[in-house]
Amino acid sequence: MDFYHIQSYSEYKEAYKASVKTPETFWESIAEENFSWKKKWNEILSWDFTKAEIRWFDGAKLNITENCIDRHLDTRGEKTALLFEPNSPSEAAQHISYNQLYEKVCRFANVLKQKGIEKGDRVCIYLPMIPELAVSVLACARIGAVHSVVFAGFSAQALSQRILDCDCKMVITSDGAFRGNKTIPLKNIVDNALEDCPDVTSVLVVRRTGEHIKMKEGRDEWLLPLLDSASISCIPEVMDAEDPLFILYTSGSTGKPKGMVHTTAGYMVYSAYTFKNVFQYQEEDIYWCTADIGWITGHSYIVYGPLANGATTVMFEGVPSYPDYGRFWEIVAKHKVTQFYTAPTAIRALAKEPLEFVKKHDLTSLKILGTVGEPINEEAWHWYNNNIGDGLCPIVDTWWQTETGGILISALPKITPAILPTFATLPLPGIQPVLVDDSSKEIKGNPAHGKLCIKFPWPGMARTIWGDHKRYKETYFSAYQNKYFTGDGALRNDDGYYRITGRVDDVIIVSGHNLGTAPIEDVINTHEAVAESAIVGFPHDVKGNALYGFVTLKHPEFSSEKISEEINQLISTSIGPIAKLDKIQFTEGLPKTRSGKIMRRILRKIASGETESLGDISTLLNPEVVQEIIQQRK
Ligand code: PRX
């Protein structure tokens, strides 16, 4: 039996049971019945978590763009695939049909080929949320090139680091980006980044803002004339199931960003399957996910998952606050959006504004609301439920990660009974979560609280870190034997519902973005006046968490506002403005264990103002510094 579209709670339970009892049969029938293959697999699954080796649908041959575009042309050729809403409401929206998308992707794919891009080559995409971003992603997939999309808010240094790490030959960018009432000079940023990347031989530039930019002879070309002269058909490259589809970087708790590698068949099946069920997509629906394609949410739930289901997916270029705080709701009303998927940080920011911004728009088209990226607090949940959903739209709180490729834990709307605020609820079929305690033992029974692991592979999981399989194995499969470790803590209530309680490692989620503490500290420590530093998160009513930096200077007497500003400037240049510190406190020293490890637990409490519950600090190497830090707390 094929469980592709679950429509009742009993079906969910049946599907879940089957997916645990015979996972191979479960996924085989889903793959077989709902996708188009050039050749079927020899083996559905082979895996060994001790070596971090996972293969799905091995031996199968396919092209994901045939599944996302070509196979819809007969029945949905004129249906809108991409609905583009520009930054400015005075610019017209674009409805790009499946037929048009096919043509655009083929032309773009032919341009890539003409520029010498071949199967397996890496292409960096650094674009704003304009149709060319989705089209270029699909064009890469059409010819088997591996796309590496870098969020266009990252700095030149962060961009060049990512280009170098996976050795991209080409960068696709635009002259600039519109963001609210600002324009961002993307091409300049690329020019700066490429000073360190001699192997990039080709830069394709989309014209968007129209401002003057420099074009480097022999390297840079405007995209439009190339597209115009390219052929409108492009035979899709035949890919192996386990050929890489894309690389997407995510922060780690240490060192450089991790280039998570997702492969073709498993990712396709999983992103499509979860999209269909979590959003209960129906043929006439207009689905909108507000994420940027620079993040995994955009990959799986703006591009691949929706298109594989023949959906209409909205792409929004702008920001929720421009021209006013009603922009999201205006778009929902204008396009009669049925599913709306956003981040808690956006909800919290909009909830602070007068309700007038919501009330003047007709939101009755909405059926299902979703959240992703961080835990949602009850207050934000109720605001969303009451004011946006009018108490009628189930909210799916979807828990997942860049590494997981798709949603792992989520309610199914109108199917999962009693959706509780702040609970992601139940695992999707195929997902076997477990909670483990500090001694690595699985905690059975309910209620329970522990570290969240997954004990069986699912098709959408990342296969490796680009160029560093050892790091992949150590990060995800070494903490607990035979389990994938998520880095999150969770509790499970009496009904088996999961509530994610947050990161248990040195990753901090700020406005839904993963930030590793170590890479930020590394940047701070490059400031010539700095001796050492430690970053912790503290609660923030819009961002969820904000960053608090404790910085020790080589000459503490020279601490100044100027150094604080320079530190934030350095962070902004090296990583991007999203990693800037909200508070910087200069300290005489940092609390350390006798083995010299910084006691972040204590700093975290101080930053959050919980100074009464510091616990025993007498075993520290330097307990005296704690009082001093508390007194000078910002
Ligand atoms: O801590 C969890 C949090 O975001 C982390 C993954 O971040 P990233 O790889 O950037 O992917 C974000 C989009 C999928 C997780 O380890 N997180 C994500 N969704 C939720 C969440 N925390 C609580 N509830 C969620 N729904």
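Residues numbered from 1 in each chain as written. Predicted model: local features only at pLDDT ≥ 70, side-chain atom pairs only at ≥ 80, totals over all residues. Heavy atoms only, no water.

1. What about the overall build of the protein chain?
Step number 1: Each helix and strand in the protein chain was counted, giving 20 helices and 30 strands.
Step number 2: In terms of C-alpha radius of gyration, the protein chain reaches 24 Å, essentially the compact-globule figure of 26 Å for 634 residues.
Step number 3: The principal-axis extent of the C-alpha atoms belonging to the protein chain is close to 75 × 65 × 55 Å.
Step number 4: By the burial criterion, 61% of the 634 residues in the protein chain qualify as buried.
Step number 5: Across the protein chain, every contact between residues at least 6 apart in sequence was considered, and the portion connecting residues at least 24 apart equals 71%.
Step number 6: For the protein chain, the computed accessible surface area is about 24400 Å², with 49% contributed by carbon and sulfur atoms.
Step number 7: Computed over 67 positive and 79 negative side-chain charges, the inter-centroid distance for the protein chain is 2 Å. (Helix = DSSP H or I, 4+ residues; strand = E, 2+ residues; numbered from the N terminus. Rg over C-alpha atoms; globule rule 2.2 N^0.38 Å. Buried < 20%, exposed > 50% of the residue type's maximum accessible area, 1.4 Å probe, protein only. Contact = heavy atoms within 4.5 Å. Areas by Shrake-Rupley, 256 points an atom, 1.4 Å probe, with all protein chains shown as cover. Lys, Arg positive; Asp, Glu negative; His and termini not counted. Charge placed at Lys NZ, Arg CZ, Asp CG, Glu CD.)

2. Describing the environment of Ser-88
Step number 1: For Ser-88, the location among the structural elements is in the loop between strand S4 (80-85) and strand S5 (94-97).
Step number 2: Ser-88 gets classed as buried once you look at its relative accessible area, which sits at 19%.
Step number 3: In sequence terms Ser-88 and Asp-199 are 111 residues apart; their C-alpha atoms lie 37 Å from each other.
Step number 4: A polar side-chain atom of Ser-88 sits 2.8 Å from a polar atom in the side chain of Ser-90. (Polar contact = N/O pair within 3.5 Å; in protein donor to acceptor, adjacent residues only side chain to side chain.)

3. Thoughts on the domain arrangement of the protein chain
Step number 1: Taken domain by domain, the protein chain holds domain 1 (9-319 + 398-428 + 435-490) and domain 2 (511-633).
Step number 2: Each of domain 1 and domain 2 has a C-alpha centre, and these two points are 34 Å apart.
Step number 3: The interface is formed by 13 residues belonging to domain 1 together with 14 residues belonging to domain 2.
Step number 4: Across the domain 1/domain 2 interface, buried area totals approximately 890 Å², and carbon plus sulfur atoms make up 49% of it.
Step number 5: The tally of links from domain 1 across to domain 2 stands at 0 salt bridges.
Step number 6: Between the two partners, domain 1 and domain 2, sit 6 residue pairs in polar contact (both at pLDDT 80 or more).
Step number 7: Looking at the side of domain 1 that touches domain 2, the element that brings in the most residues is helix H7 (residues 156-165), giving 3 residues. (Domains from an automatic or database assignment. Buried area = accessible area lost by both parts, 1.4 Å probe. Salt bridge = Lys/Arg side-chain N within 4 Å of Asp/Glu carboxyl O.)

4. Here we look at the pattern of salt bridges
Step number 1: A full pass over the atoms with the stated rule returns 38 salt bridges.
Step number 2: In this structure, Asp-285 and Lys-367 form a salt bridge, with 2.8 Å as the shortest nitrogen-oxygen distance. Linking Asp-285 in the loop between helix H10 (264-278) and strand S16 (286-289) with Lys-367 in the loop between helix H14 (356-359) and strand S19 (368-372), this pair joins segments that are 82 residues apart in sequence.
Step number 3: One salt bridge in this structure joins Asp-505 and Arg-503, with 2.6 Å as the shortest N-O distance.

5. Some points on the pairing of strand S28 (residues 530-540)
Step number 1: As judged from the 10 bridges shared by S28 and strand S29 (residues 544-553), these two strands associate in the antiparallel manner. The residue of S29 that forms the bridge with Ser-533 is Val-551.
Step number 2: Counted along the chain from S28 to the antiparallel partner S29, the turn is 3 residues long. (Pairing = 2+ DSSP bridges.)

6. Quick word on the sheet that holds S29
Step number 1: An order of S28-S29-S30 is seen for the 3 strands of this open sheet, with the pairing classed as mixed. In this open sheet, the two strands that pair with only one neighbour each are S28 and strand S30 (583-587). Each adjacent strand pair in this sheet contributes to an overall mean axis angle of 25 degrees, direction not counted.
Step number 2: Pairing analysis gives 5 bridges linking S29 to S30, with the strands arranged parallel. If you follow Tyr-548 over to S30, its bridge partner there is Lys-583. (Axes fitted to C-alpha atoms, helices over the stretch in contact; angles between N-to-C directions.)

7. Thoughts on the UniProt feature "domain: Acetyl-coenzyme A synthetase N-terminal" (unreviewed entry) in the protein chain
Step number 1: Per the UniProt record, the feature "domain: Acetyl-coenzyme A synthetase N-terminal" (unreviewed entry) sits at residues 12-68.
Step number 2: As annotated, residues 12-68 comprises 47% helix and 25% strand, and the C-alpha atoms at either end are separated by 26 Å. (UniProt positions renumbered as here; feature names shortened; annotations may be inferred.)

8. Notes on the sheet that holds strand S14 (residues 244-250)
Step number 1: The 8 strands are arranged S12-S11-S8-S6-S7-S14-S15-S23 in an open sheet whose pairing can be described as mixed. Two strands in the sheet have a free side with no partner beyond their single neighbour: strand S12 (220-222) and strand S23 (464-465).
Step number 2: Where strand S8 (residues 170-174) lies against strand S11 (residues 202-206), 5 bridges are found, and the strand directions are parallel. Each residue of the ladder has a partner; that of Ser-174, found in S11, is Val-206.

9. Focus on the site of the ligand
Step number 1: Lining the immediate environment of the ligand, one finds 18 residues, of which Asp-397, Thr-398, Thr-402, Asp-488 and Arg-503 sit closest.
Step number 2: Residue Gln-401 places a side-chain N or O atom 2.8 Å away from an oxygen atom belonging to the ligand.
Step number 3: A distance of 2.7 Å is found between an oxygen atom of the ligand and a side-chain nitrogen or oxygen belonging to Asp-488.
Step number 4: Contact with the protein chains removes 95% of the 540 Å² of surface that the ligand exposes when unbound.
Step number 5: Elements with a contribution of two residues or more to the shell around the ligand: helix H11 (296-308), strand S20 (395-398) and strand S25 (498-503).
Step number 6: Taken together, the residues that form the shell around the ligand break down as 7 nonpolar, 6 polar and 5 charged. (Near = heavy atom within 4 Å. Nonpolar A, V, L, I, M, F, W, Y, C, P; charged D, E, K, R; others polar.)

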